[in-house]
Amino acid sequence: MSTRRILLVAHPGRPEALEIAGQVIDRLREAGIEVALPTGELLDGPLGRDHDVVPADADQPGGCAAGVELVVVLGGDGTILRGAEIARGSEVPLLGVNLGHVGFLAEAERDDLEATVEHIVRRAYTVEERMALEVTGTLDGELLCSSWALNEVTVEKASRERMLTLTVEIDGRPLSTWGCDGVVMATPTGSTAYAFSAGGPVVWPGVEAVLVVPISAHALFARPLVLAPQAHLAVDLVAGTEGHGVLWCDGRRAVDLPPGARVEVTRSSVPVRLARLTSSPFTDRLVAKFDLSVAGWRGRQSAQ
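So, a few notes on the structure that sits alongside this text. (Residues numbered from 1 in each chain as written. Predicted model: local features only at pLDDT ≥ 70, side-chain atom pairs only at ≥ 80, totals over all residues. Heavy atoms only, no water.)

Looking now at the overall build of the protein. Summing up its helical and strand segments, the protein has seven helices and 20 strands in all. For 304 residues, the compact-globule formula gives about 19 Å, and the C-alpha radius of gyration of the protein, at 21 Å, lands near that figure. Overall, the C-alpha framework of the protein stretches about 65 × 55 × 35 Å when taken along its three principal axes. Looking at the 304 residues of the protein, the share that counts as buried comes to 48%. Summarising the internal contacts of the protein: among those between residues at least 6 apart in sequence, 65% fall at separations of at least 24. When the accessible surface of the protein is totalled, it reaches about 14800 Å², and 49% of it is carbon and sulfur. Separation between the mean location of the 27 positive side-chain charges and that of the 40 negative ones in the protein comes to 5 Å. (Helix = DSSP H or I, 4+ residues; strand = E, 2+ residues; numbered from the N terminus. Rg over C-alpha atoms; globule rule 2.2 N^0.38 Å. Buried < 20%, exposed > 50% of the residue type's maximum accessible area, 1.4 Å probe, protein only. Contact = heavy atoms within 4.5 Å. Areas by Shrake-Rupley, 256 points an atom, 1.4 Å probe, with all protein chains shown as cover. Lys, Arg positive; Asp, Glu negative; His and termini not counted. Charge placed at Lys NZ, Arg CZ, Asp CG, Glu CD.)

The following block contains the structure:
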């Protein structure tokens, strides 16, 4: 019987995350589960020195997540997005424990840590697939970049004083040209992140769609759009204008975009797999994360 292995990811610069990670490592090792840490700062720090762990090298076939059953991330949404990068393409599910503020991508909170570890030990979790986006950037037919995103792809202005002039194209047809600060193209998972801050709708994870949310657009028609998941979306930085842009993927990977650049976004064929510990509905998550008042509710569970 092969040894079970978990890949643990935490923010190497946060003492609280490292302390909690040490507790998780020790408990998993007691249960006979091997714990791997990505090579680099995390492995070279106190977790690697003081605890019984093995290295996970990104250069090995399959990357850091090769041979593991679960990628466990301790941190906020930024760290969880880092975990999604590590798990990308491996089909290994991702389990986030929120040590940040809102933590929409997390499945558990720090107060639930002991129960979360027990779920891992007993393999008491299900796996949910979330759609992701593929993105390419080109200039005069030459490839500038190729990447992906779980939350959103954004095209933003590079300098505060100069707006962008963007033409949005959907399924090969032009929709509108905006003078704006940028545009957010998001998944339902990302609808509660940047797209939400820019005025977009909250979309339940079970809906398959692509959101388009303009940022401070000077245009008559500049409303958030909800597109079919198979839509082909493109944004052109209008040639001959002075505004330079920046392409961001999940707020983590950036590429400069000169006027004339073109960004194309489609649904990815590779979903992100998230581990779920409970079957609680998304509505409950919204209420908890945003501390929404439900006073006066008289639904079927109100007497329980």
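So, on to the environment of Gly-100. Mapped onto the secondary structure, Gly-100 falls in the loop between β5 (94-98) and β6 (108-109). Assessed through its relative accessible area of 25%, Gly-100 is described here as partly exposed. Between the C-alpha atom of Gly-100 and that of Arg-110, which follows or precedes it by ten residues, the distance is 9.3 Å. For Gly-100, the contacting residues outside a window of four places in its chain are Arg-14, Gly-75, Gly-76 and Arg-110.

Okay, unusual backbone geometry next. One non-glycine residue, Glu-91, lies in positive phi territory at about 65 degrees. A relative accessible area of 64% places Glu-91 in the exposed class.

One pass over the structure, following the stated rule, counts four aromatic pairs. One aromatic cluster is present, formed by Phe-104, Phe-196, Trp-204, Phe-282 and Phe-290 through successive ring pairs. One Lys or Arg, Arg-88, reaches over the ring of Trp-148 and ends 4.2 Å from the middle of that ring. (Phe/Tyr/Trp six-rings, centres within 6.5 Å; stacked < 30°, edge-to-face > 60°. Lys NZ or Arg CZ within 6 Å of the ring centre and 35° of its normal.)

The next subject is the sheet that holds strand β11 (residues 164-170). Whether parallel or antiparallel, the strands of a sheet pair through hydrogen bonds between backbone atoms. As summarised here, the arrangement of the six strands in space is β9-β8-β19-β16-β11-β12, forming an open sheet in which the pairing is antiparallel. The two strands at the open ends of the sheet, each matched to only one other strand, are β9 (142-149) and β12 (173-180). Between one strand axis and the next, the sheet turns by 20 degrees as a mean value, whatever way the strands run. Strand direction decides the pairing type here: β11 and β12, joined by seven bridges, are antiparallel. Among the inter-strand pairings, Glu-169 is bridged to a residue of β12, identified as Pro-174. (Pairing = 2+ DSSP bridges. Axes fitted to C-alpha atoms, helices over the stretch in contact; angles between N-to-C directions.)

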